[in-house]
Amino acid sequence: MRPLIRAVIDSHALHHNLSVIRARARGARVIAVVKANAYGHGLANTALALGEADALAVARIEEALALRAAGIGARIVLLEGVFSSAELDEAVYEKLDLVVHDASQLELLERSPEAARLPLWLKIDTGMNRLGFAVQEFGSVLARIHTLNPAPEELRLMTHLSCANEREDEVTRAQLRRFREVTHGLGYEVSIANSAAIFGDVPTGCDWVRPGLTLYGASPFADCSAESLGLKPVMTLMSSVITVRRVARGESVGYGGNWVAERDSLIAIVAAGYGDGVHRSLAAGARVLVNGARVPLAGRVSMDMLAVDVSGLDGVRVGTPVVLWGEGLPVEETAQHAGTIAYELLCSVSPRVPLELR
Ligand SMILES: *Cc1c(COP(=O)(O)O)cnc(C)c1O
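Just so it is clear, the structure is predicted and the values come from calculations on it, not from any experiment.

### Notes on the site of the ligand
Here's step 1: Around the ligand, the surrounding shell holds 14 residues, and the nearest of these are Lys-35, Tyr-39, Ser-195, Leu-213 and Tyr-343.
Here's step 2: At 2.8 Å, a backbone N or O of Gly-212 approaches an oxygen atom of the ligand.
Here's step 3: Within the side chain of Tyr-343, a nitrogen or oxygen atom sits 2.6 Å from an oxygen atom of the ligand.
Here's step 4: Notes on the ligand: free accessible area 390 Å², of which the protein chains cover 92%.
Here's step 5: When grouped by side-chain class, the residues that make up the shell around the ligand number 6 nonpolar, 4 polar and 4 charged.

As structure tokens, then:
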């Protein structure tokens, strides 16, 4: 019994993308970012397939614990750090790497004698204004960290870029300048680059890079396809046709009747809807692949189904395969039609959709 809709996960593409990233990262170690269920690709299976990465990163402690429970012993960086002494105890027990970005986290560490054993990543806010210590307070924060007596090789410095997906960006230059001003000459390993910085050749000079999106084979740039970066899509969201009908000119299709046939049309109904993570905001003009051919949506996406105009296509019947995005249809393109970004589409694949590993 084959499920109607499924997300096929291509582990060869994952390996391929990791090696492309390694080549671009010029000797930097690679922290594979697997937060948010590995951008919808399945947390544990993705982490296992990325065994050659130098470390993994997640946003929340629950994600790290799930990885440990799956038997994954790799270095795991907790990007948002911990928020209670119970979480800190868990982190010590599970040997997690902690990002420290807020004074409350410094205080937690100061109250825990075991804390200094953990590898720490001190985060500096260089202009994103989301997480991290201000450059002005960095010196005093570093002094407090030093009194915890951490192993020097287990203290690292990081920041995050807000505009790396814009080429030659002034904000990025300013962020790098601020980071260098406060960290220069201290001798710590540093981590700055996300996917866009790695592939945009931003001169971060970092020891550890943190790719997410590009691991999964999507491009962070509006003007540059993943294929041209040498990346391959890892997820292909596939479903099939569940019925086909003729719709006479002037008749409408779907809720609201906002799509009206301009000619006698052949309409295929596909088992894929917003209940699966195919956004309702997908506009007219969006395409899916039916039997490998690009065809336009007809009418609104509903919870379990969508309709496509397959007029002129031969051989479409119940069971004909449909690709919503992935192999042959970049998710970036679908995202653009939905008024969003590839990140959001990938993450929003719902738990109803089984992952099929290849
Ligand atoms: C999510 C995240 C990344 C990965 O970003 P991509 O754009 O997906 O490569 C890197 N660093 C931090 C701090 C993140 O939160």
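More follows now that the structure is in view.
### A few points about the packing of aromatic side chains
Note on aromatic pairs: each is described by the distance of the centres and the angle between the planes.
Here's step 1: By the definition in use, this model includes 3 aromatic pairs.
Here's step 2: Centroid distance Tyr-39 to Tyr-216: 4.8 Å. Interplanar angle 25°. Geometry classified as stacked. Residue Tyr-39 is located in helix H2 (residues 35-39), and its partner Tyr-216 is located in the loop between strand S10 (208-209) and strand S11 (235-247); the two are separated by 177 residues in the primary sequence. The burial state of Tyr-39 is the same as that of Tyr-216; both residues are buried.
Here's step 3: Here Tyr-39 and Tyr-343 contribute two aromatic rings whose centre-to-centre distance is 6.1 Å and whose plane-to-plane angle is 35°, an arrangement assigned as tilted. Residue Tyr-39 is found in helix H2, and its partner Tyr-343 is found in helix H11 (residues 342-347); the two are separated by 304 residues along the sequence.
Here's step 4: The buried category is assigned to Tyr-39, whose relative accessible area is 7%.
Here's step 5: Residue class for Tyr-343 comes out partly exposed when judged on its relative accessible area of 31%.
Here's step 6: Here the aromatic cluster, defined as three or more aromatic residues joined through ring pairs, consists of Tyr-39, Tyr-216 and Tyr-343.
Here's step 7: In this arrangement the basic side chain of Arg-167 is found over the ring face of Phe-221, its NZ or CZ atom lying 4.0 Å from the centre.

### Some thoughts on unusual backbone geometry
The bulk of non-glycine residues show a negative phi, and the bulk of peptide bonds are trans.
Here's step 1: Residue Asn-37 is not a glycine yet carries a positive backbone phi of 55°.
Here's step 2: Relative to the helices and strands, Asn-37 resides in helix H2.
Here's step 3: By relative accessible area, which is 39% here, Asn-37 ends up partly exposed.
Here's step 4: Of note, Asn-291 is a non-glycine position whose phi angle comes to about 55°, a positive value.

### Description of the nonpolar core
Here's step 1: Of all hydrophobic cores here, the largest spans 117 residues; its most connected members are Val-34, Leu-67, Leu-122, Leu-306, Val-308 and Trp-325.
Here's step 2: Ranked by the residues each element gives to this core, the list is headed by helix H1 (residues 11-24), at 5 residues.
Here's step 3: When residues of this core are assigned to domains, at least three map to each of domain 1 (11-219) and domain 2 (235-357).
Here's step 4: One finds Ala-261, Ile-267, Ala-298 and Ala-307 within the second-largest nonpolar core, a separate group that totals 8 residues.

### Thoughts on the side chain of Asn-17
Here's step 1: Residue placement: Asn-17 occurs in helix H1.
Here's step 2: Assessed through its relative accessible area of 0%, Asn-17 is described here as buried.
Here's step 3: From its side chain, Asn-17 meets the backbone oxygen of Leu-215 in a polar contact 2.9 Å long.
Here's step 4: Beyond its immediate chain neighbours, meaning those up to four positions away, Asn-17 contacts Thr-214, Leu-215, Tyr-216, Gly-217, Leu-231, Lys-232 and Val-234.

### As for a nonpolar patch on the surface
Here's step 1: Residues Leu-4, Ile-242 and Met-305 make up a contiguous nonpolar surface patch of about 230 Å² in total accessible area.
Here's step 2: Assignment of secondary structure puts Leu-4 in the segment before strand S1 (6-9).
Here's step 3: Judged by its relative accessible area of 45%, Leu-4 is partly exposed.

### Structural notes on the domain arrangement of the protein
Here's step 1: Partitioning the protein into structural domains gives domain 1 (11-219) and domain 2 (235-357).
Here's step 2: Placing the centre of domain 1 and that of domain 2 at their C-alpha centroids yields a distance of 37 Å.
Here's step 3: The interface of domain 1 with domain 2 comprises 9 residues on the first partner and 9 residues on the second.
Here's step 4: Sorting the residues of domain 1 by area buried against domain 2 places Tyr-39, His-41 and Leu-213 first, and these three jointly supply 46% of that buried surface.
Here's step 5: Linking domain 1 to domain 2 there are 0 salt bridges.
Here's step 6: Seen at the junction of domain 1 and domain 2, the total is 1 residue pair in polar contact (both at pLDDT 80 or more).
Here's step 7: For the side of domain 1 that touches domain 2, the residue count by class is 4 nonpolar, 5 polar and no charged.

### Re the pattern of salt bridges
Here's step 1: One pass over the structure, following the stated rule, counts 21 salt bridges.
Here's step 2: As a salt-bridge pair, Glu-356 and Arg-6 come within 3.2 Å of each other at their nearest N and O atoms. Here the residue Glu-356 occupies a position in strand S19 (residues 355-357), and Arg-6 occupies one in strand S1, the gap between them amounting to 350 residues.
Here's step 3: Since its relative accessible area comes to 6%, Arg-6 is described here as buried.
Here's step 4: Glu-189 is the partner of Arg-156 in a salt bridge, and the nearest nitrogen-oxygen pair spans 2.8 Å. Linking Arg-156 in strand S8 (residues 155-158) with Glu-189 in strand S9 (residues 189-191), this pair joins segments that are 33 residues apart in sequence.
Here's step 5: Residue Arg-156 is classed as buried on the basis of its relative accessible area, which comes to 4%.
Here's step 6: Owing to a relative accessible area of 24%, Glu-189 belongs among the partly exposed residues under this scheme.

Calculation criteria
- Residues numbered from 1 in each chain as written.
- Predicted model: local features only at pLDDT ≥ 70, side-chain atom pairs only at ≥ 80, totals over all residues.
- Heavy atoms only, no water.
- Near = heavy atom within 4 Å.
- Polar contact = N/O pair within 3.5 Å; in protein donor to acceptor, adjacent residues only side chain to side chain.
- Areas by Shrake-Rupley, 256 points an atom, 1.4 Å probe, with all protein chains shown as cover.
- Nonpolar A, V, L, I, M, F, W, Y, C, P; charged D, E, K, R; others polar.
- Phe/Tyr/Trp six-rings, centres within 6.5 Å; stacked < 30°, edge-to-face > 60°.
- Helix = DSSP H or I, 4+ residues; strand = E, 2+ residues; numbered from the N terminus.
- Buried < 20%, exposed > 50% of the residue type's maximum accessible area, 1.4 Å probe, protein only.
- Lys NZ or Arg CZ within 6 Å of the ring centre and 35° of its normal.
- Core = buried A, V, L, I, M, F, W, Y, C linked by side-chain atoms within 4.5 Å.
- Domains from an automatic or database assignment.
- Contact = heavy atoms within 4.5 Å.
- Patch = residues over 30% accessible without salt bridge, like charges linked within 9 Å, V, L, I, M, F, W, Y side chains within 5 Å.
- Salt bridge = Lys/Arg side-chain N within 4 Å of Asp/Glu carboxyl O.
- Buried area = accessible area lost by both parts, 1.4 Å probe.

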